[in-house]
Amino acid sequence: MGRIICCGLGPGDPDLMSVRADREVRAARHVAYFRKKGRPGQARRIVEAMLAADVTEYPMEYPVTTEIAFDSPEYVRLLAGFYDEWAERLARLARAVDVVVLCEGDPYFYGSFMHLHARLQGRVEIEVIAGIPGMAGCWNAIGQPIALGDDVTTVLMGTLAEDELEQRMCNSDALVIMKTGRNLQKVRRALASAGRLDDAWLVERGTMPGERVARLAEIDESDCPYFAIVLVHGRGRRMDAGE
Ligand SMILES: C[S@@+](CC[C@H](N)C(=O)[O-])C[C@H]1O[C@@H](n2cnc3c(N)ncnc32)[C@H](O)[C@@H]1O
């Protein structure tokens, strides 16, 4: 019996990968990774210089990404079929060999691999190797502490409804907003309504080639790349008490 080893690869810079993930990726003979059709795939790009010459690759191409609404029944049906099919293929493959699945950031933190993880339970041995989440690479790129003292930090998805975004933004000190991409305008409006826009930063492609760090209020664009995070720093509640 082989195993499925899901390697968290960190935020993008290959130097930010764990020693354990580095070892597994270099030793891998079978490597699977998600990608959008026609694209190399972010996880695959991170390991570009690390794969053995004779590795067999299994690109798992999403049937759709942003072409149809992510909450439409058609999207849900297509994605469920896609994950079912790949769970079956990987389970069959892992009967004979180890398969390394590449995952940007940390696999257990909003990683697509979790859809396979759920379907593979009880069928094959799975190991998940922790990675630095993308948001940590992004707040490191700004170079200020994201939260300290008694700050409450909330991680939000830009796909949430605008009124929920606003309400949660009002109830938190530090904010991390992921999946900004095409939701950037909505995120900007919610931040403005919550009185946090002037404190917000946009980090595109954190630690990757083409990284951009800017104050959100100074950006004109109506959308941004898929790999982008909006951050608002906490101010350090009760820090004056020395805690
Ligand atoms: C499906 S989630 C995957 C999260 C990943 N497992 C992690 O641990 O960061 C994808 C979202 O993560 C964010 N993201 C992850 N890495 C990033 C990076 N290096 N720079 C900017 N955004 C990033 C973006 O908001 C993107 O839309």
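About the cut-offs
Residues numbered from 1 in each chain as written. Predicted model: local features only at pLDDT ≥ 70, side-chain atom pairs only at ≥ 80, totals over all residues. Heavy atoms only, no water. Buried < 20%, exposed > 50% of the residue type's maximum accessible area, 1.4 Å probe, protein only. Helix = DSSP H or I, 4+ residues; strand = E, 2+ residues; numbered from the N terminus. Arc of directions from axis to C-beta. Contact = heavy atoms within 4.5 Å. Axes fitted to C-alpha atoms, helices over the stretch in contact; angles between N-to-C directions. Parallel < 35°, antiparallel > 145°, perpendicular 65-115°, else oblique. Left-handed = near helix turned anticlockwise from the far one by under 90°. Nonpolar A, V, L, I, M, F, W, Y, C, P; charged D, E, K, R; others polar. Domains from an automatic or database assignment. Buried area = accessible area lost by both parts, 1.4 Å probe. Salt bridge = Lys/Arg side-chain N within 4 Å of Asp/Glu carboxyl O. Polar contact = N/O pair within 3.5 Å; in protein donor to acceptor, adjacent residues only side chain to side chain. Disulfide = S-S within 2.5 Å. Pairing = 2+ DSSP bridges.

Here we come to helix H4 (residues 113-120). Among the residues making up H4, those that are buried are Phe-113, Leu-116, His-117 and Leu-120. Seen end-on, H4 carries its buried residues on one side only, within an arc spanning 105 degrees. Contacts made by the buried residues of H4 are with strand S1 (3-8), strand S2 (30-35), strand S3 (56-61), helix H3 (73-93), strand S4 (99-103) and strand S5 (125-129). Gly-122 lies just past H4 and shows a positive phi near 80 degrees.

Interaxial distance between helix H6 (residues 162-170) and helix H7 (residues 184-193) falls to 8 Å at its minimum, and their mutual angle equals 45 degrees. Classified by the angle their axes make, H6 and H7 are oblique. In terms of crossing hand, the pair formed by H6 and H7 is right-handed. Contacts from Glu-162, Leu-165, Glu-166 and Met-169 of H6 reach H7 at Lys-186, Val-187, Arg-189, Ala-190, Leu-191 and Ser-193. Partitioned by chemical class, the residues of the contact of H6 with H7 number 5 nonpolar, 1 polar and 4 charged.

Bringing the domain arrangement of the protein chain into the picture now. Considered domain by domain, the protein chain is made up of domain 1 (3-132) and domain 2 (135-232). Relative placement of domain 1 and domain 2: their C-alpha centres are 26 Å apart. Across the boundary between the two partners, domain 1 contributes 12 residues, which contact 13 residues of domain 2. Carbon and sulfur atoms supply 71% of the area that domain 1 and domain 2 bury against each other, a total of about 960 Å² over both sides. Our count for the domain 1 to domain 2 interface comes out at 0 salt bridges. Where domain 1 packs against domain 2, one counts 2 residue pairs in polar contact (both at pLDDT 80 or more). Grouping the constituent residues of the side of domain 1 that touches domain 2 by class yields 6 nonpolar, 3 polar and 3 charged.

This part covers the state of the cysteines. All told, the structure shown has 0 disulfides when counted by the stated rule. We note that Cys-6 lacks a disulfide partner, and the nearest cysteine sulfur, in Cys-103, lies 4.7 Å from it. The class for Cys-6 is buried, based on a relative accessible area of 0%. Here Cys-7 stays free of any disulfide, with the sulfur of Cys-6 as its closest cysteine sulfur at 6.8 Å.

Next up on the list: the sheet that holds S1. Pairing is parallel in the open sheet, where 5 strands are placed in the order S3-S2-S4-S1-S5. If you trace the sheet from one side to the other, it starts and ends with S3 and S5, each paired once. Taking each pair of neighbouring strands and ignoring which way they run, the sheet shows an average axis angle of 20 degrees. Taken together, the 2 bridges between S2 and S4 define a ladder with parallel strand orientation. Bridging across to S4, Val-31 finds its partner in Val-100. Set on the sheet, helix H1 (residues 19-27) makes contact with S1, S4 and S5; between it and S1 the angle comes to about 130 degrees. The strands that H3 touches are S1, S2, S3 and S4; relative to S3, the one it contacts most, it runs at about 165 degrees.

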